[in-house]
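# Observations on chain architecture
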Amino acid sequence: MATTQVETVSSAADKAKIAAVAALVVASIAGFYLLSKQGALVQWATLIVGLALAAGVFLISEPGKRFIGFARDAWREVKKVVWPTRKETMQMTLYVFAFVVVMALFLWFTDKTLEWVLYDLILGWRK
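What you see as residue numbers is a count from 1 along each chain, following the sequence as written. Local features are withheld for residues below a pLDDT of 70 in this predicted model, meaning they are given only at 70 or higher, and side-chain atom pairs are given and counted only at 80 or more; totals for whole chains, interfaces and linings count all residues. Values reported for side chains reflect all heavy atoms of the structure, with hydrogen atoms and water molecules removed beforehand.

## Observations concerning the overall build of the chain
- Each helix and strand in the chain was counted, giving 4 helices and 0 strands.
- Expressed as lengths along the three principal axes of its C-alpha atoms, the size of the chain is roughly 80 × 45 × 40 Å.
- Buried residues in the chain amount to 10% of all 127 residues.
- Within the chain, counting contacts between residues at least 6 apart in sequence, those at least 24 apart form 45% of the total.
- We get accessible surface area from the Shrake-Rupley algorithm with a probe of 1.4 Å; when it comes to residues, only the shown protein chains can shield them. Accessible area of the chain: about 10800 Å², with a carbon and sulfur share of 72%.
- Taken together, the 14 basic and 9 acidic charged side chains of the chain have centroids lying 8 Å from each other. Runs of E in the DSSP output that reach at least two residues are strands. Runs of H or I that reach at least four are helices, and both are numbered from the N terminus. When accessible area is computed with a 1.4 Å probe and restricted to protein chains, residues below 20% of their type maximum are described as buried, those above 50% as exposed, and intermediate ones as partly exposed. In this analysis, two residues are considered to be in contact whenever any of their non-hydrogen atoms come within 4.5 Å of each other. Within this scheme the basic residues Lys and Arg register as positive and the acidic residues Asp and Glu register as negative, but His and the chain ends are omitted. By convention, the charge on Lys lies at NZ, on Arg at CZ, on Asp at CG and on Glu at CD.

## Observations regarding the environment of leucine 121
- Mapped onto the fold, leucine 121 is located in helix H4 (residues 86–123).
- On the basis of relative accessible area, leucine 121 is assigned to the exposed category, the value being 52%.
- Separated by 47 residues in the primary sequence, leucine 121 and alanine 74 have C-alpha atoms spaced 61 Å apart.

## Topic: the UniProt feature "transmembrane region" (unreviewed entry) in the chain
- UniProt positions are given in the numbering used here, feature names are shortened, and annotations may be inferred rather than shown by experiment. According to UniProt, the "transmembrane region" (unreviewed entry) feature falls on residues 18–35, 41–60 and 92–110.
- As annotated, residues 18–35 comprises 94% helix and 0% strand, and the C-alpha atoms at either end are separated by 25 Å.
- For residues 92–110, the end-to-end C-alpha separation is 27 Å, with 100% helix and 0% strand making up the annotated structure.

## With respect to the packing of helix H1 (residues 12–34) against helix H2 (residues 40–60)
- Running from N to C, H1 and H2 point in directions that differ by 175°, and their axes come no closer than 8 Å. Of the possible angle classes, the one that applies to H1 and H2 is roughly antiparallel. Residues Lys17, Ile18, Ala20, Val21, Leu24, Val25, Ser28, Ile29, Gly31, Phe32 and Tyr33 of H1 form the contact with H2, whose own contacting residues are Gln43, Trp44, Thr46, Leu47, Gly50, Leu51, Leu53, Ala54, Val57, Phe58 and Ile60.
- For this classification, the nonpolar set comprises Ala, Val, Leu, Ile, Met, Phe, Trp, Tyr, Cys and Pro, the charged set comprises Asp, Glu, Lys and Arg, and every other residue, Gly included, is treated as polar. When grouped by side-chain class, the residues that make up the contact of H1 with H2 number 16 nonpolar, 5 polar and 1 charged. Axes, fitted as lines to C-alpha atoms, cover a helix only where it is in contact. Angles between the N-to-C directions of the axes lie from 0 to 180 degrees. For classification, angles of less than 35 degrees are called roughly parallel, those exceeding 145 degrees roughly antiparallel, those between 65 and 115 degrees roughly perpendicular, and all remaining angles oblique.

Next comes the structure, spelled out in structure tokens:
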């Protein structure tokens, strides 16, 4: 049985940083709506600056540092992927479409056969 490990924010400083992130997000969204009479530029500037500050505070916290490490590892893994060529992609797409057509025909044939057996032969409903 696999055990799942739950990581929590442990230090008081990190808890304060996460609380500040939440407060900044709420304040930037509230500012966006409260400054509607000031114009769209002020609204969007308030929202973008508030969210950028929240992201900055998050990234200097311990969970943010772990997130940055995870993102670097994920990017390193993406670089290792061998992507198919255009020709291979087109061939596989055609194979999938051909399989779908064959499967649709098979299911249609099976449906019509069962319909014929049940309604015509067994029940005799059709004349």
